[in-house]
Amino acid sequence: MSSTTVKNLVNQPYKYGFVTDIETDTIPRGLNEDIIRLISAKKNEPEFMLEFRLKAYKQWQKMTEPKWPHVEYPPIDYQDIIYYSAPKQSKEKLNSLDEVDPAILETFEKLGIPLSEQKRLANVNVAVDAIFDSVSIGTTFKEKLGEAGVIFCSISEALQEHPELVKKYLGTVVPVGDNYFAALNSAVFSDGSFVFIPKGVECPMELSTYFRINNGDTGQFERTLIIAEEGAKVSYLEGCTAPMYDSNQLHAAVVELIALDNADIKYSTVQNWYAGDENGKGGIYNFVTKRGLCQGVNSKISWTQVETGSAITWKYPSCVLIGDNSVGEFYSIALTNNKQQADTGTKMIHIGKNTRSTIISKGISAGKSKNSYRGLVKMGPKADGARNYSQCDSMLIGDTAEANTFPYIQADNDRAKVEHEASTSKIGEDQLFYFAQRGISEEDAVSMLVSGFCKDVLNELPMEFAAEADKLLSLKLEGSVG
Amino acid sequence: MSEVILSVKDLRASIDGKEILKGLNLEIKAGEVHAIMGRNGSGKSTFSKVLAGHPAYEVTGGDILYKGESILEKEPDERANEGIFLAFQYPIEIPGVSNLDFLRVAYNAKRKYHGEEEIDTFDFEDLVEEKLDVVKMNPSFLERSLNQGFSGGEKKRNEILQMALLEPSLSILDETDSGLDIDALRIVAEGVNQLATPENSSIVITHYQRLLNYIEPHFVHVMYDGQIVKTGTKELALELEERGYEFIDELVEVGA
């Protein structure tokens, strides 16, 4: 495409870039054992949790930052990060969400996530856990979920109310020393969501967590743990935004999913962290470890992600398919523009018999961005009859963006079947001219082309969010073709 | 006297610095069908793209007046919404965008441009189904991705369907006959004929006389090296068919 026709579609101002001015309880910068003890003490955690953190910290100190992702960034000074920052509360414990600082409620309202009792009525099918910097500020619909036996709360609260469940499952999918950022998260995580769906229960509504980074010097290290017991079923969605700062903020999360026999977990992400400006200044470093364990027979874990924000994205939501006949799915849209960099994909580890996995990845690169798909499909020696199907498509907008595909296949079983398809296309002058000749403006054309390209993945999102995600994609590309 | 739809004056245009149109003149009135013939590389397709405003071509001289106004400064989508329609020689395949959605967005873009209210999905479906008859298309085509996996004939019929829907004042058919078997050619040509009215006009670009058996032109122009070198009636097309383009070479040499 000529330089004049490809310039303007992601330069839409980031509308979530505001900062909320509130009093905070912030600990000193830097990381050491005392800081970890301080975080644990502030949260009044049981002893096992402190041990977990210290063990992770010891491992982290011996590890080095991974260099293999296809991304570039200056060294991170881990001693210059604030590991805990929480809004100050006048009372020790809030009785209801309506007692939360109005400035925070207003923040979430501006983000389109109303939390107060009256406002919530409009959105009755989704329960929300809202996380502001390091802490959960409240969870909606707790009572209604409780009637069904579903536990949905912040992980801090779960550590107080259900420590035995947290102790049993935390770190079983992503061990403390799994990788550099997971180890860091295990040492310092401040909050996150906890979901427990008991045996035979189908969760009566969508669950979601909304992550908001507000403080400019704070890292966000959240930890999410979802357990679906035998025959249980849940659909969970997370959304993320952050203000615009010139500096980079680190977001290193860990998500663990556990599905027992016949359980079904659907995990969807719409990620719109601040991506930095068009010259690559500022933005979130999104270094995330997400993994699901299909422990039981016939269990299913499905990841759907729409990644549009962050300066750098490094994440590989994965499935470990242990139970016979278990199913893993990964549907992904990763859109990069300007100077964004993404190295994202999945791992499907087939261990049990007749396990099946599907990978559909759609990468869109515009501006001067770099967008890489990296995926591993592993067929273990006992995975008789296992099957994988992977499809990785890339779309380039303009002449200066980069798209890469790094598929790794490791088959230790000759009775397993792996299929891989890949394609690269480009939104070019001729396509846009065809639309223009039918009277369709360039922006509408790009948004139709992109949503057409992403259709297979958008269809996997819960209905409430599919339209929103589609709109987000067009917004993000606004001005990338000009 | 009928209205002048298109008036092209001494038009010069180039791509990547290479001049393709070298002073082209043409006038088309409402109700007229003009055929443009000529060898490969004579500038026929370039002319159609320049009329529609393709960004790769630079107009270096002359003017294009559409309904009395210069359109050189107008964007391709504005020209389209003003009623200039190009039936492409190679319609683009667009995966994931349904034919029906594409048609609806195009139709509503035009309505919006003219300050009319957009029409909803249901009313639009009724409208489109009426138009399907023009090109004898099966409604199942509407659900498929735009042009994806369509045969050559299906793609061209789809172009004429869009033309039927958008009701342009000036249609440019760029080698619509290329790659069509005789049945498809007849369906396409009948579609074009049905859409002709005393108010609109069309330019039919073709290599062969064959299409002109079905779409009868009022004028036939021969292009040679970026100019129209000869204009006649449909007999000129027959003469070309008989004597080949060498006849034009001789003609140009004599003129020079």
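Scroll up a little and you will see the structure.
Residues numbered from 1 in each chain as written. Chains lettered and ligands numbered in written order. Predicted model: local features only at pLDDT ≥ 70, side-chain atom pairs only at ≥ 80, totals over all residues. Heavy atoms only, no water.

**Student:** Help me understand the pairing of strand β2 (residues 18-29) of chain B, please; the structure alone is not making it clear to me.
**Tutor:** For a regular strand, the rule is simple: side chains alternate between the two faces of the sheet. Residues and elements named next belong to chain B. Of the strand pairs in this sheet, strand β1 (residues 4-15) and β2 are connected by nine bridges, and their pairing is antiparallel. Counted as the bridge partner of Leu-6 is Ile-28 from β2. The turn joining β1 and β2, which pair antiparallel and follow one another in sequence, is formed by two residues; a positive phi near 45° is taken by Asp-16. (Pairing = 2+ DSSP bridges. Helix = DSSP H or I, 4+ residues; strand = E, 2+ residues; numbered from the N terminus.)

**Student:** Is there a simple way to explain the interface of chain B and chain A in this structure?
**Tutor:** Note: interface size is frequently given as the accessible area lost on complex formation between the parts. With 32 residues of chain B in contact, the opposing surface of chain A contributes 18 residues. Taken over both partners, the interface formed by chain B and chain A buries close to 2,000 Å², and the fraction arising from carbon and sulfur atoms is 70%. On the chain B side of the contact with chain A, B:Phe88, B:Ile92 and B:Phe102 bury the most area, a combined 24% of that side's loss. Our enumeration of links across chain B and chain A arrives at one salt bridge. Here B:Glu159 makes a salt bridge to A:Arg438, at a shortest N to O gap of 2.6 Å. In this assembly, chain B and chain A are joined by eleven residue pairs in polar contact (both at pLDDT 80 or more). Breaking the side of chain B that touches chain A down by element, the ones donating at least two residues are α1 (44-52), α2 (76-81), β6 (84-87), α3 (99-113) and α6 (152-166) of chain B. The leading source of residues in the side of chain B that touches chain A is α3(B), at five residues. Here the side of chain B that touches chain A is composed, by residue class, of 21 nonpolar, six polar and five charged. (Contact = heavy atoms within 4.5 Å. Buried area = accessible area lost by both parts, 1.4 Å probe. Salt bridge = Lys/Arg side-chain N within 4 Å of Asp/Glu carboxyl O. Polar contact = N/O pair within 3.5 Å; in protein donor to acceptor, adjacent residues only side chain to side chain. Nonpolar A, V, L, I, M, F, W, Y, C, P; charged D, E, K, R; others polar.)

**Student:** Explain a negative patch on the surface to me, please; I cannot follow it from the model alone.
**Tutor:** Taken together, the side chains of B:Asp120, B:Asp123, B:Asp126, B:Glu129, B:Glu130 and B:Asp133 define an acidic patch exposed on the protein surface. For B:Glu129, the location among the structural elements is in helix α4 (residues 121-132). (Patch = residues over 30% accessible without salt bridge, like charges linked within 9 Å, V, L, I, M, F, W, Y side chains within 5 Å. Areas by Shrake-Rupley, 256 points an atom, 1.4 Å probe, with all protein chains shown as cover. Lys, Arg positive; Asp, Glu negative; His and termini not counted. Charge placed at Lys NZ, Arg CZ, Asp CG, Glu CD.)

**Student:** Looking at this model, I keep getting lost on the state of the cysteines. Mind explaining?
**Tutor:** By definition, a disulfide links two cysteine residues through a covalent bond between their sulfur atoms. Residues and elements named next belong to chain A. The final tally for this structure, using the stated rule, is zero disulfides over all chains. Take Cys-294: it sits in no disulfide, and the sulfur closest to it among the cysteines is that of Cys-319, at 5.6 Å. A relative accessible area of 0% places Cys-294 in the buried class. (Disulfide = S-S within 2.5 Å. Buried < 20%, exposed > 50% of the residue type's maximum accessible area, 1.4 Å probe, protein only.)

**Student:** Would you explain the environment of B:Asp16 in this entry?
**Tutor:** Among the secondary structure elements, B:Asp16 is positioned in the loop between β1 and β2. Separated by twelve residues in the primary sequence, B:Asp16 and B:Ile28 place their C-alpha atoms 29 Å from one another.

**Student:** Explain the packing of aromatic side chains here, please?
**Tutor:** The description of two aromatic rings rests on the distance between their centres and on the angle between their planes. Per the counting criterion, the structure on display carries 23 aromatic pairs over all chains. With a centroid separation of 5.7 Å and an interplanar angle of 70°, the aromatic rings of A:Phe433 and B:Phe88 are classed as edge-to-face. Separated into two different chains, A:Phe433 in helix α9 (residues 429-437) and B:Phe88 in the loop between β6 and α3 make up a pair that spans both. There is no split in this pair, since A:Phe433 and B:Phe88 are both buried. Taking the relative accessible area as the measure of exposure, B:Phe88 reaches 8% and is therefore buried. Chaining the aromatic ring pairs together yields one cluster made of A:Tyr57, A:Trp60, A:Trp68, A:Tyr73, A:Tyr78, A:Tyr180, A:Phe181, A:Tyr285, A:Phe287, A:Trp314 and A:Tyr316. The ring of A:Phe189 has A:Arg53 lying over it, and the distance from NZ or CZ to the ring centre is 4.4 Å. The lysine or arginine in question, A:Lys362, covers the ring of A:Phe453, its NZ or CZ lying 5.1 Å from the ring centre. (Phe/Tyr/Trp six-rings, centres within 6.5 Å; stacked < 30°, edge-to-face > 60°. Lys NZ or Arg CZ within 6 Å of the ring centre and 35° of its normal.)

**Student:** Is there a simple way to think about helix α8 (residues 234-243) of chain B in this case?
**Tutor:** Residues spaced three or four apart along an α-helix face the same direction, because each turn holds 3.6 residues. Turning to α8(B), its buried residues number three or more, namely B:Leu236, B:Ala237 and B:Leu240. Buried residues of α8(B), viewed axially, fall in a sector of 100°; they line one side. (Arc of directions from axis to C-beta.)

**Student:** What should I look at first to understand the sheet that holds β6(B) in this one?
**Tutor:** Strand pairing in a sheet relies on backbone hydrogen bonds. The paired strands run either parallel or antiparallel. Residue and element names in this part refer to chain B. Taken in spatial order, the six strands line up as β6-β7-β8-β3-β9-β10 in an open sheet, and their pairing is mixed. Only two strands of the sheet have a single neighbouring strand rather than two, namely β6 and β10 (227-232). Sheet twist, expressed as the mean angle between neighbouring strand axes with direction ignored, is 20°. As defined by bridge partners, strand β3 (residues 33-38) adjoins strand β8 (residues 201-205) across four bridges and the pair is classed as parallel. Along β8, the bridge assignment pairs His-34 with Ile-203. (Axes fitted to C-alpha atoms, helices over the stretch in contact; angles between N-to-C directions.)

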